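Summary of the model geometry
Residue-level listing of the chains:
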Amino acid sequence: MFKKTRYLSLAILFVFMLCLVGCGQNAEQAVKKTDVILATTTSTQDSGLLDELIPVFEEKTGYKIKTIAVGTGAALAMGEKGEADVLLTHAPADEQKLVEAGLVTNYQLVMHNDFVIVGPADDPAGIKGTATAAEALKKIKESNSLFVSRGDDSGTHKMEKKLWEAAGITPEVGATYQETGQGMGQTLIVAEQNKGYTLTDRGTYLAQKKNLTLEIMVEGEKSLLNIYHVMQVNPEKFSEDIAGKMNTEGAKAFVDFLVSAEAQEIIGNFGVDTYGEPLFYPDAGKSEDELGK
Amino acid sequence: MQLIWDGLVQAFFILLNLDPEVLEVCWLTLKVSGTATLVSVLIGVPLGCILALSRFPGRNFLVSLANFGMGLPPVVVGLWVSIFLWRSGPFGSLGIIYTPTAMIIAQAVIASPLVISFTLAAVQQISPRLRLHLLALGANRRQLLWNLIKEARLGLLAAVMAGFGGVISEVGASQMVGGNIKGETRVLTTATVMEVNKGNFDVAIALSVILLALAYGVTALLTSLQQRRSNYE
């Protein structure tokens, strides 16, 4: 006896699906040519840098940047799958693989800052002033002090793994090695609360500093450089289906903008007012080998 | 303690100054979660009624599915909706990933089982004698259903509130399918997470207070609707 209602509800459901699809398509048609999907690491968003750069770019070009801030691993994976148009990441070794595979083009050095090892002020492992990060990690391990890791395959996590390798240690999750699986900001908070050491990019550390008692323990080593590159995803490597949805011109415009004198100046001045030092050093046109000299 | 106080003060000033950025986030939160709730009501109430009033093989299984769906983890929904909506996914051609529409779809998926289950419970607990009574009075099917829904309205409004409460508070799905894009898909929950990551705890606390106030405001409105109408009759 309730057949009729069943049909009715199915009809409503169907109409609604159509509405949703309709909305989506309209929205897509209206914004198709202007939207550029930028997959990037969390540090560029959490430091506030992108909030300075993107409005200038949008104003100049009329493109609309959709920033998806994830770890560098995830951002590169989005590029590999063609889900993003342009990438801004900080794991040169992994980026190189995409460049070699032809998945990304127009690969440009944008800026750098550096990684630092921070830890509780009383420094239980006694690593303050240690010459190399690898040595510091050895001391942390030997003194059974806590190290808090990102554990999320981000650029920072990739760097951390490299440093452990240099120290000849394979860390195992346990009482003295925790993985948060979260962004740098959250991981710093965990390290702060659990009185642990962690590896962080200087920008996020400075931005979070007002909430932290953690202090910088190790810094300045060349291998701790944190280098950011921008690159556009190459539509030729994808099926027409996916490539058709990419915004290659927009991606190119964004790459060109980041290495332009205007953007480089914004990057160089960013954070000076608040922290007394820049959070990032502009590097457009330089080669990676020139950095840190 | 200082932090909490700073956060509350910050919340007060944000509200007082009507900070346009925060207002935009609030408006988007209401729009997305409100639309998602509406969609889930349009899907869930009819389905809940059908499940409550009809008997067919497999019905118990469907009911258990709906009840199970009440606890559907938002991140799981977010992941699956993302997979479907990505450029490489089956619905990639719609181009709606990282838009409010995608968030509405994900939130509707989260809220629908809640609405179905609450509706089912509300309609099924009406005395079967009322149905016979209405039929005996000569009600046609539409009148019958309408009267049953009226009878179940307390439970149905509870369904709406549960659905809305479920989606306005979730962060996992919104983050994944929306991407927390400023001015577009940034809602109160994803903005709160971001402010914590930025180290702006006071702003995060302010946003959380605003979110609670907003959620309470809507729920209070629905509650007054629910209670007032039940006093009439």
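Conventions adopted
Residues numbered from 1 in each chain as written. Chains lettered and ligands numbered in written order. Predicted model: local features only at pLDDT ≥ 70, side-chain atom pairs only at ≥ 80, totals over all residues. Heavy atoms only, no water. Helix = DSSP H or I, 4+ residues; strand = E, 2+ residues; numbered from the N terminus. Buried < 20%, exposed > 50% of the residue type's maximum accessible area, 1.4 Å probe, protein only. Contact = heavy atoms within 4.5 Å. Areas by Shrake-Rupley, 256 points an atom, 1.4 Å probe, with all protein chains shown as cover. Lys, Arg positive; Asp, Glu negative; His and termini not counted. Charge placed at Lys NZ, Arg CZ, Asp CG, Glu CD. Patch = residues over 30% accessible without salt bridge, like charges linked within 9 Å, V, L, I, M, F, W, Y side chains within 5 Å. Salt bridge = Lys/Arg side-chain N within 4 Å of Asp/Glu carboxyl O. Buried area = accessible area lost by both parts, 1.4 Å probe. Polar contact = N/O pair within 3.5 Å; in protein donor to acceptor, adjacent residues only side chain to side chain. Domains from an automatic or database assignment. Nonpolar A, V, L, I, M, F, W, Y, C, P; charged D, E, K, R; others polar. Phe/Tyr/Trp six-rings, centres within 6.5 Å; stacked < 30°, edge-to-face > 60°. Pairing = 2+ DSSP bridges.

Comments concerning the overall build of chain B
Broken down by element type, chain B carries eleven helices and zero strands. The N-to-C order of helical and strand elements in chain B reads α-α-α-α-α-α-α-α-α-α-α. With respect to the three principal axes, the spread of C-alpha positions in chain B is 65 × 50 × 25 Å. Here chain B holds 233 residues, and the buried ones make up 50% of them. Contacts in chain B between residues far apart in sequence, at least 24 positions, make up 75% of those at least 6 positions apart. When the accessible surface of chain B is split by element, carbon and sulfur atoms take 69% of a total near 11200 Å². Charge centroids of chain B, computed over 15 positive and 10 negative side chains, lie 21 Å from each other.

Quick notes on the overall build of chain A
Each helix and strand in chain A was counted, giving 13 helices and ten strands. Considering chain A as a whole, with its 293 residues, one finds that 54% of them fall into the buried category. Counted over contacts in chain A with a minimum sequence separation of 6, partners at least 24 positions apart contribute 75%. On chain A, roughly 12900 Å² of surface is accessible, and the fraction owed to carbon and sulfur atoms is 52%.

Observations concerning a nonpolar patch on the surface
A surface patch of nonpolar side chains, about 680 Å² in accessible area, is lined by Val75, Val76, Leu79, Trp80, Ile83, Phe84, Phe91 and Met176 of chain B. Inspection of the secondary structure puts Phe84 of chain B in helix H4 (residues 74-85).

Focus on the interface of chain A and chain B
With 40 residues of chain A at the contact, the number on the chain B side is 37 residues. Summing both sides of the interface, chain A and chain B together bury roughly 3700 Å²; the carbon and sulfur share of this comes to 61%. In this structure, Lys64 of chain A and Glu184 of chain B form a salt bridge, with 3.3 Å as the shortest nitrogen-oxygen distance. If you look at where chain A meets chain B, you find 13 residue pairs in polar contact (both at pLDDT 80 or more). Contributions of two or more residues to the side of chain A that touches chain B are made by helix H1 (3-31), strand S1 (35-40), helix H2 (42-46), strand S2 (64-69), helix H4 (72-81), helix H8 (184-194) and helix H9 (202-208) of chain A. In terms of residue count, the dominant contributor to the side of chain A that touches chain B is H1 of chain A (twelve residues).

Some details on the pattern of salt bridges
Across all of its chains, the model carries 18 salt bridges over all chains by this definition. For Asp51 of chain A, the salt bridge identified is with Lys182 of chain B, shortest N-O distance 3.9 Å. In this pair, Asp51 of chain A sits in helix H3 (residues 49-61) while Lys182 of chain B sits in the loop between helix H9 (172-178) and helix H10 (188-198), so the two residues belong to two different chains. What emerges from the salt-bridge pattern is a single network uniting Asp35, Glu58, Lys64 and Lys66 of chain A together with Glu184 of chain B.

Some words on the domain arrangement of chain A
All names here are of chain A. Here chain A is described as being made up of domain 1 (33-112 + 226-290) and domain 2 (114-224). For domain 1 versus domain 2, the distance between C-alpha centres works out to 26 Å. Lys158 serves as the salt-bridge partner of Asp94, at 3.5 Å between the closest nitrogen and oxygen. There are three residue pairs in polar contact (both at pLDDT 80 or more) connecting domain 1 and domain 2. Residue assignment for the side of domain 1 that touches domain 2 shows that the elements contributing at least two residues are H2, H4 and strand S9 (225-233). Here the side of domain 1 that touches domain 2 is composed, by residue class, of four nonpolar, seven polar and three charged.

What about the packing of aromatic side chains?
In this description, a pair of aromatic rings is defined by centroid distance and the angle of the planes. Residues and elements named next belong to chain A. Under the counting rule described, the total for this entry stands at nine aromatic pairs over all chains. Taking the centre distance of 5.3 Å and the plane angle of 80 degrees together, the rings of Phe147 and Trp164 count as edge-to-face. Of the two residues, Phe147 sits in strand S5 (residues 147-149) while Trp164 sits in helix H7 (residues 155-167), which places them 17 residues apart along the sequence. When its relative accessible area of 4% is taken as the criterion, Trp164 is described as buried.

Here we look at the side chain of Gln107 of chain B
Residues and elements named next belong to chain B. Note that Gln107 resides in helix H5 (residues 100-124). A distance of 3.4 Å separates a polar atom in the side chain of Gln107 from a polar atom in the side chain of Glu170. One polar contact links Gln107 to Ser174, side chain to side chain, over a distance of 3.2 Å.

As for the pairing of strand S4 (residues 104-119) of chain A
Residue and element names in this part refer to chain A. Counted residue by residue, S4 has twelve buried out of 16 residues, so it is predominantly covered. When S4 meets S9, the two strands line up antiparallel, connected through eight bridges. Within S9, the position partnered with Val104 by the bridge is Val233. Examined bridge by bridge, S4 and strand S7 (residues 197-201) share four bridges and lie antiparallel to one another. Note on S7: the bridge partner recorded for Val116 is Thr200.

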